[in-house]
Each structure stands twice: as C-alpha cells, then as structure tokens.
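# Report on the structure
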Amino acid sequence: MVLLTETLRSVISGADLDANVPTCPEWTLRELAVHVGGAHRWAGEIVRTRATEELPEERVPAFTPDGEDPAVLDAWLADGAARTAGALREAGPGAEVWSWYRDRSAGFWGRRMAIETVVHLADAALAAKVPYAMSPDLAADTIDEWLEIVSFAQAEGDPEAAELRGGGRSLHLHATDVPDAEWLIEFGEDGFTWRRAHGRATVALRGPLTDLMLVFNRRLAPDSDRVELLGDAGLLEFWLARSSFG
C-alpha cells in the first residue's frame, strides 16, 4: 500500500488538483486523493484500535489534510499510508477487527486498501493525463476481490446483485499477456458463480490484464480498442450495470 501511495503521490504531483476526474465526475483530483488518504487512515484506525464496530470518521485522527497546500496533501498521504501499514504489521493479518465483509480480519483491510488504491490510481492517472500500468498480481487480485464482493452482496440480498442470474449464460475474461489469467462467470437460476478457468462463454472479453481489470471496474469502456469483445456485448453491460454499487 505504501508503494502504491507513492505512485499516487507521483501522479498528482504538479497536476491540476482542481481537474475533474472523468471516471468519478463528482470529484476533483484533490477530492479523489483525500478520499483515498481518508480511507487509508480509517482502515488503519480500525486495525490499530481492534475496533469491534464501525468507526465514525470523526474518531479517526487527521482524517483530512490541514489546508489546501499541495505539499500538505502530499505529506498527509505519505503519513497516512505509513501509519496504516504500521498498524497492519503490528496487528498481523489474522487479528480480529470489524469489517462490513464476511472476513473480519486485519488482513481483509490490508488487501482492501491496496485494491482501493489500485483502482483510484487509475482514476488519478486519467485525470492527470499520465500513463497507468499495474502489476499482474495486483490487477488479477483486483478482479478476484471484486467478484468476491459482488458474490457477497448477492448473498446478502443487494437488489442489484440479486439480478445477476439467468441460466445458461456466461462471461469469460481472458488476459492475453499473462498466462492462466482467465475468469469464467456463470449465471444460474439462483445467482452467479465464478472461477479461474478457460471456457466457451456467451460473451468473452480479451486483452491485456490491466485493461481487463479497468473494464471490470468501469474505468475503461468495453468497446475500447484496447480490448476485444466477442459475443453478446449486452451480457457484459448487464454485469457492469448490476455490479456498480462499489
């Protein structure tokens, strides 16, 4: 998470912090950075205090930066990431803490904050008009985690996720640059299931792993020339529309 935050700081350094973020149009680049840094500090305080219930933002020390100075924002981002990483190391991944997910451990928050940063780093790069690249392990885990979260939301009765059903249809993600980076999502009458696998599907999305991850997280359009869409494009749109609550 610290290295990802360093990359985020590099992306926004010298950029127009008042620029709109195209993929998060309600935010400026500054507001996006404050969101990421606040999330880091919130998760870190949950782990540090071994919270047993949701922690109000007002109980998180320095939840927002003190002022508009870009240098203050940069130092605040660095300090928050370092403090959260320290809390995670001290607790260990198995420490029991509150979370909104079925996994109530410090390890959940470490993974969640890393992936939160992965996705919003893409937003920041787009706003700052700089290139974006992600390591294969993090790009793949971002897809894995989102599938786990959507599956959890469906089991918990989320109304949008509940619609992700329909016998006989399937969605295949196939990374063309990383061996074995493939996912098969199958829509049954009672919900959807997913696994890492190759297989024929109703619709297939092929392309570099980072670009697949960006499409899956609604940061890249499915009809981009950076990916190839084969089959029923409507099924991919169906998935993206009903898994957009995150």
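Attention here is on the structure that accompanies the text. Given the structure is predicted, the values throughout are model-derived calculations rather than measurements.

The full count for this structure, using the stated rule, is 12 aromatic pairs. Relative to W109, the ring of W98 has its centre 6.2 Å away and its plane inclined at 25°; by these criteria the two rings are stacked. Pair noted here: W98 is in the loop between α3 (70-91) and α4 (106-128) and W109 is in helix α4, with a separation of 11 residues, a long-range link. Across the pair, exposure class does not vary: W98 and W109 are buried alike. Between the aromatic rings of F187 and W239, the centroid separation amounts to 6.2 Å while the plane-to-plane angle is 65°, which identifies the pairing as edge-to-face. Taken as a pair, F187 in strand β2 (residues 182-188) and W239 in helix α8 (residues 233-242) lie far apart in primary sequence, 52 residues in all. Owing to a relative accessible area of 2%, F187 belongs among the buried residues under this scheme. Every member of this aromatic cluster is reached through a ring pair, and the members are W42, W98, W100, Y101, F108, W109 and F152. In this structure, R169 is placed above the aromatic ring of F187, and the distance from its NZ or CZ to the ring centre is 5.8 Å. Over the ring of F238 we find R169, and its NZ or CZ is 4.8 Å from the ring centre.

This part takes up the environment of W76. Inspection of the secondary structure assignment puts W76 in helix α3. What makes W76 buried here is its relative accessible area of 7%. Taking the C-alpha atoms as reference points, W76 and G38, separated by 38 residues in sequence, lie 9.6 Å from one another. Those residues in contact with W76 that lie beyond four places of it in its chain are A33, V34, G37, G38, R41, A62, F63, T64 and P65.

About the cut-offs
- Residues numbered from 1 in each chain as written.
- Predicted model: local features only at pLDDT ≥ 70, side-chain atom pairs only at ≥ 80, totals over all residues.
- Heavy atoms only, no water.
- Phe/Tyr/Trp six-rings, centres within 6.5 Å; stacked < 30°, edge-to-face > 60°.
- Helix = DSSP H or I, 4+ residues; strand = E, 2+ residues; numbered from the N terminus.
- Buried < 20%, exposed > 50% of the residue type's maximum accessible area, 1.4 Å probe, protein only.
- Lys NZ or Arg CZ within 6 Å of the ring centre and 35° of its normal.
- Contact = heavy atoms within 4.5 Å.

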